[in-house]
Protein chains: 2
Amino acid sequence: MATTIKDIAKKTGVSHSTVSRALSGNSLISSVTSERIRKAAIEMGYQASAAARSLKTNRSNVIGVILNSMDDPFFSGIVDGIDACAQEAGYSLFIAASQYDLKREKNIVKSMMEHRTDGVIICSSSFSAEQGRQLLRNQFPIVVINHQASQNFHYSIYHDDFDGSQQIARHLIALGHCKIAYLGNSLSGRTTIERFNGYETILKSAGITPLPEYVHQQSGGYAANGYSSAEYYLNLPMPPTAIMCFNDLMAIGMLKGLQDAGVQVPTQVSVTGFDNIPLSEYTNPALTTLDQPKRSIGREAMQLLLDLLGNNENNGIFEPKKKVLKGTLLIRQSSSVPPTPNHRQNLHE
Amino acid sequence: MATTIKDIAKKTGVSHSTVSRALSGNSLISSVTSERIRKAAIEMGYQASAAARSLKTNRSNVIGVILNSMDDPFFSGIVDGIDACAQEAGYSLFIAASQYDLKREKNIVKSMMEHRTDGVIICSSSFSAEQGRQLLRNQFPIVVINHQASQNFHYSIYHDDFDGSQQIARHLIALGHCKIAYLGNSLSGRTTIERFNGYETILKSAGITPLPEYVHQQSGGYAANGYSSAEYYLNLPMPPTAIMCFNDLMAIGMLKGLQDAGVQVPTQVSVTGFDNIPLSEYTNPALTTLDQPKRSIGREAMQLLLDLLGNNENNGIFEPKKKVLKGTLLIRQSSSVPPTPNHRQNLHE
DNA sequence: GACTCCATTGCACACGTGTGCATAACGATA
DNA sequence: TATCGTTATGCACACGTGTGCAATGGAGTC
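Residues numbered from 1 in each chain as written. Chains lettered and ligands numbered in written order. Predicted model: local features only at pLDDT ≥ 70, side-chain atom pairs only at ≥ 80, totals over all residues. Heavy atoms only, no water.

Here we come to the sheet that holds strand 9 (residues 270-272) of chain A. All names here are of chain A. Spatial strand order, 7-6-8-9: 4 strands in an open sheet with parallel pairing. The strands lining the two open edges of the sheet, one partner per strand, are strand 7 (215-218) and strand 9. The average angle at which neighbouring strand axes cross in this sheet is 20°, direction not considered. Sheet analysis places strand 8 (residues 242-245) next to strand 9, joined by 3 bridges and oriented parallel. Looking across to strand 9, one finds that Ile-243 is bridged to Val-271. Across the face of the sheet, helix 9 (residues 190-205) comes into contact with strand 6 (180-185), strand 7 and strand 8 while running at roughly 170° to strand 6. Here helix 11 (residues 248-260) sits on the sheet in contact with strand 6, strand 7, strand 8 and strand 9, set at roughly 160° to strand 9. (Pairing = 2+ DSSP bridges. Helix = DSSP H or I, 4+ residues; strand = E, 2+ residues; numbered from the N terminus. Axes fitted to C-alpha atoms, helices over the stretch in contact; angles between N-to-C directions. Contact = heavy atoms within 4.5 Å.)

In structure tokens:
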């Protein structure tokens, strides 16, 4: 059995209230008593019971984090940022992955509610509206990251996907590309739409109307989805000279798919990613991509949540807050000038 | 304020004990009353307080997971496995990353002790012995994954690194390589030693004595560490024809480093990884590596912990258990026959 | 010496849940 | 009718901590 403040009280000959106050640094207790109690506590290996404390104070010092999958370099970058900020502030993290499964989502929400999580960070773009409402109904402070339905939540951190996508499109046009394709991930909702919008806007303002078949959606954002799309683009009557991929994973798959088909990147086709996951720097050729500040996004989300918790006396009055972070274009080796016409011929032999 | 069993009791006109029993499925309560209470509970949106329950029952239904970093595709694969198994069994996960920082480790351990975590899974190979003892002293059931100091803990899941490394070395020798290097990660302790041992054993049994400079250690296991090591090997008077890397991340960095230096893989140098992280299939060339069953390792660890918790009446009597899982060799494109002598010359021009 | 004031500590209750024991109701049996 | 057994429910306490309020005691003031 773990030692309690009563045990300490018995040993030091004071009441348990005195121990409680001494350990929490209450200045009412005389410094000599306080010191004596502190010493005994360490000696006896005392560890406060979070359960008892949370029961009494109605605060758990725990933050729930919901994501699709841990095994995704984009999300794990964000979580690392959340974790760093949370540890500094003395919070622990409940982390659970929904794996796009509604039943799991329900279980996760239930578990977080039972544990009276002080707040929740949702970085699963596809998190269902129903479960979100469930949390909101129970007054949980929620911060969402890159969620598709921003109107449902009052506090959110977003990456400016529209802007980022524009940066990439501008870069490709500046290189001289006209036949630019966009490969999306239909599962990611708002995110892929914004990125598509950025792409379309810039092309239009440059007087380019992409062929309808240049816009292709996959239901998933993994390397395998990118790989299989390479064939799709290569089989088009007039293949694109540049392919903007929804994210780095798909771009890496695309890279491999093109190369396996004997197509050279970037000589024959340029490929770009999105996110700047750690390995995107080490592909061959290194991936031109947009650096999303993942750790910063995580930290900002946690910081916003901490602000909410600190001032929760004026809970209802708080005005909604939506923070938008911009990324920066990283020009590496997977993008270059489009091939000259005779090169383009080569592609079809 | 959240609704409690007392609220339900008041509304249904019974005592709170009856409500407690009804909701926990106690057969003493008549089925009509039980049904009525259940209905009211759902209606009122009741969610049991985990804090109160855990205070009373001395079980938290929470498992602590300690790792170095979330942002590592090897560990996140394992955590995904742990998470899946935990959710099925009704456990929630406390996850925290130490980032190789002793102060953080201490905070993590303290937090887990305060929350009376039912058990702890350590998948940080470098987790300090002192903190481990701290947990053991407080009777926490602990399962370690791939930890370097197995003797300190009674329950552990290991990947057979010795065997895996042997498989790779045999493969390279079968291809005809003699000048085989091993690139290690000194931070990973036991793991890198075992892999080195496998390498050395097979080479010795094949009558090969590697040059001392072929064995090179980096303090870190990321792509950057692999990248910078490429130069080291290329500058040797007699460079190796095959490089076994500690893990996939380093191998991917190595791939890039060699290619940036104008060296062709696998024509001039073969490169192998370890772990089979998701992206290793999509490098150019695709990486020959050893598939560690990451999700299985995670599941096995969680399952072992569940076994410990289920039978904790005979806590002390439990005999130590050490489960070893073997990986399988994946031969892809980064390994091939060594270059013929005149090729080798080319390397030094 | 009686009084006030302040510093220090203890008492008692609360948080929400689980559970051993007593109690109540009721039918069956003698 | 008295007794017993069974079934269903309530009472009361416990888990470990925090906190408002009362109590104690000593020093200082008139």
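Below, the discussion takes up the domain arrangement of chain A. Residues and elements named next belong to chain A. What the domain assignment lists for chain A is domain 1 (5-48), domain 2 (60-159 + 294-325) and domain 3 (161-292 + 331-348). Between the C-alpha centres of domain 2 and domain 3 the distance comes to 31 Å. Each partner contributes residues to the interface: domain 2 has 14 residues there, and domain 3 has 15 residues. A buried area of about 1,200 Å², summed over both sides, lies between domain 2 and domain 3, and 51% of it is on carbon and sulfur atoms. (Domains from an automatic or database assignment. Buried area = accessible area lost by both parts, 1.4 Å probe.)

The subject of this paragraph is the protein's contact with DNA strand C. Around DNA strand C, 28 residues are found, and the nearest of them are Thr18(A), Arg21(A), Lys56(A), Ile5(B) and Tyr46(B). Restricting attention to atoms of DNA strand C within 4 Å of the protein, one finds that 56% of them are sugar or phosphate atoms. One of the side-chain nitrogen or oxygen atoms of Thr18(A) is found 2.4 Å away from a phosphate oxygen of DNA strand C. The contact in question runs from a phosphate oxygen of DNA strand C to an N or O atom on the side chain of Thr33(A), over 2.7 Å. The set of elements that each furnish at least two residues to the surface near DNA strand C consists of helix 2 (16-23) and helix 4 (50-57) of chain A together with helix 1 (5-12), helix 2 (16-23) and helix 4 (50-57) of chain B. The residue makeup of the surface near DNA strand C, split by class, is 9 nonpolar, 13 polar and 6 charged. (Near = heavy atom within 4 Å. Polar contact = N/O pair within 3.5 Å; in protein donor to acceptor, adjacent residues only side chain to side chain. Nonpolar A, V, L, I, M, F, W, Y, C, P; charged D, E, K, R; others polar.)

Listed as interface residues are 60 residues of chain A and, on the opposing side, 59 residues of chain B. Interface of chain A and chain B: buried area, both sides summed, is about 4,800 Å²; carbon and sulfur atoms make up 52% of it. Looking only at chain A, the three residues that lose the most surface to chain B are Gln47(A), Lys256(A) and Tyr282(A), adding up to 15% of its buried area. Here chain A and chain B share 28 residue pairs in polar contact (both at pLDDT 80 or more) between them. For the side of chain A that touches chain B, the secondary structure elements donating two or more residues are helix 4, helix 5 (73-88), strand 2 (92-97), helix 6 (102-114), helix 10 (223-234) and helix 11 of chain A. Of the residues assigned to the side of chain A that touches chain B, the class counts are 30 nonpolar, 19 polar and 11 charged.

All names here are of chain B. Relative to each other, helix 5 (residues 73-88) and helix 12 (residues 294-310) sit at 45°, their axes nearing to 7 Å. As the angle between them shows, helix 5 and helix 12 are arranged oblique. Here helix 5 runs over helix 12; the crossing is right-handed. On helix 12, the residues touching Pro-73, Phe-74, Gly-77, Ile-78, Asp-80, Gly-81, Ile-82, Ala-84, Cys-85, Ala-86 and Glu-88 of helix 5 are Lys-294, Arg-295, Ile-297, Gly-298, Arg-299, Met-302, Gln-303 and Leu-306. Classifying every residue of the contact of helix 5 with helix 12 gives 10 nonpolar, 4 polar and 5 charged. (Parallel < 35°, antiparallel > 145°, perpendicular 65-115°, else oblique. Left-handed = near helix turned anticlockwise from the far one by under 90°.)

This part covers the pairing of strand 1 (residues 62-67) of chain A. All names here are of chain A. Taking burial as the measure, the 6 residues of strand 1 include 6 buried ones, the bulk of the element. Residue alternation in strand 1 divides its side chains into two sets, Val-62, Gly-64 and Ile-66 and Ile-63, Val-65 and Leu-67, and both sets are buried. Note that strand 1 and strand 2 share 6 bridges and pair parallel. What sits directly across from Ile-63, in strand 2, is Leu-93. The pairing of strand 1 with strand 3 (residues 119-122) spans 4 bridges and is classified as parallel. Bridge pairing in strand 3 places Gly-64 opposite Val-120. (Buried < 20%, exposed > 50% of the residue type's maximum accessible area, 1.4 Å probe, protein only.)

So, about the pairing of strand 5 (residues 155-159) of chain A. Residue and element names in this part refer to chain A. With respect to burial, strand 5 is a largely interior element, 5 of its 5 residues being buried. Of the two faces of strand 5, the one holding Tyr-155, Ile-157 and His-159 and the one holding Ser-156 and Tyr-158 are both buried throughout. Here strand 4 (residues 142-145) runs beside strand 5; their pairing, made up of 2 bridges, is parallel. For Val-144, the partnering residue across the bridge sits in strand 5 and is Ser-156. Sheet topology places strand 5 next to strand 11 (residues 321-325); 5 bridges connect them, and they run parallel. Across the sheet, Ser-156 pairs through a bridge with Lys-322, a residue of strand 11.

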